[in-house]
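Single-letter residue listing:
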Amino acid sequence: MYSKVLEKLEQLKNIVSHSDKKFMYAENFVYAPAVIKAAEILHRKKVKFFLQKAKKV
């Protein structure tokens, strides 16, 4: 299985390198357990708006 993944990645690399397009990767954290839990809490508390920022250290 690992060798098949490497094979596919090599094919992808060749396609991207011969293209004028960008290859970009993103993840969807909407379904992460922590995000789901926060959404449940906000929904239960009937919060209309929620903003959280990290402090610069």
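Refer to the structure presented above.
Definitions and limits used
- Residues numbered from 1 in each chain as written.
- Predicted model: local features only at pLDDT ≥ 70, side-chain atom pairs only at ≥ 80, totals over all residues.
- Heavy atoms only, no water.
- Helix = DSSP H or I, 4+ residues; strand = E, 2+ residues; numbered from the N terminus.
- Rg over C-alpha atoms; globule rule 2.2 N^0.38 Å.
- Buried < 20%, exposed > 50% of the residue type's maximum accessible area, 1.4 Å probe, protein only.
- Areas by Shrake-Rupley, 256 points an atom, 1.4 Å probe, with all protein chains shown as cover.
- Lys, Arg positive; Asp, Glu negative; His and termini not counted.
- Charge placed at Lys NZ, Arg CZ, Asp CG, Glu CD.
- Expected span 1.5 Å × (residues − 1).

(A) The arrangement of the overall build of the chain in detail. Tallying secondary structure elements over the chain gives 2 helices and 0 strands in all. On C-alpha atoms alone, the chain measures out to a radius of gyration of 20 Å, which is more than a quarter above the 10 Å that the 2.2 N^0.38 rule sets for 57 residues. By principal-axis analysis of the C-alpha atoms, the chain measures approximately 50 × 30 × 25 Å. Within the chain, the fraction of its 57 residues that count as buried is 0%. Carbon and sulfur atoms provide 63% of the accessible area of the chain, an area that totals close to 6,500 Å². When the 13 basic and 5 acidic side-chain charges of the chain are each reduced to a single mean position, those positions are 17 Å apart.

(B) View of the environment of Lys-46. By the element assignment, Lys-46 lies in the segment after α2 (33-45). Along the sequence, Lys-46 and Val-16 sit 30 residues apart, while their C-alpha atoms lie 46 Å from each other.

(C) Structural view of the environment of Lys-56. Following the sequence through the fold, Lys-56 ends up in the segment after α2. On the basis of relative accessibility, which here comes to 84%, the residue Lys-56 falls in the exposed class. For the pair Lys-56 and Tyr-31, spaced 25 residues apart in sequence, the C-alpha separation works out to 27 Å.

(D) Focus on α2. Between its first and last C-alpha, α2 extends 18 Å over 13 residues, near the 18 Å set by a 1.5 Å rise per residue. Downstream of α2 by one or two residues, Lys-46 has phi in the positive range, about 60 degrees.

(E) Structural view of unusual backbone geometry. At Lys-46, a position not held by glycine, the phi torsion is positive, near 60 degrees. Overall, the relative accessible area of 67% leaves Lys-46 in the exposed class.

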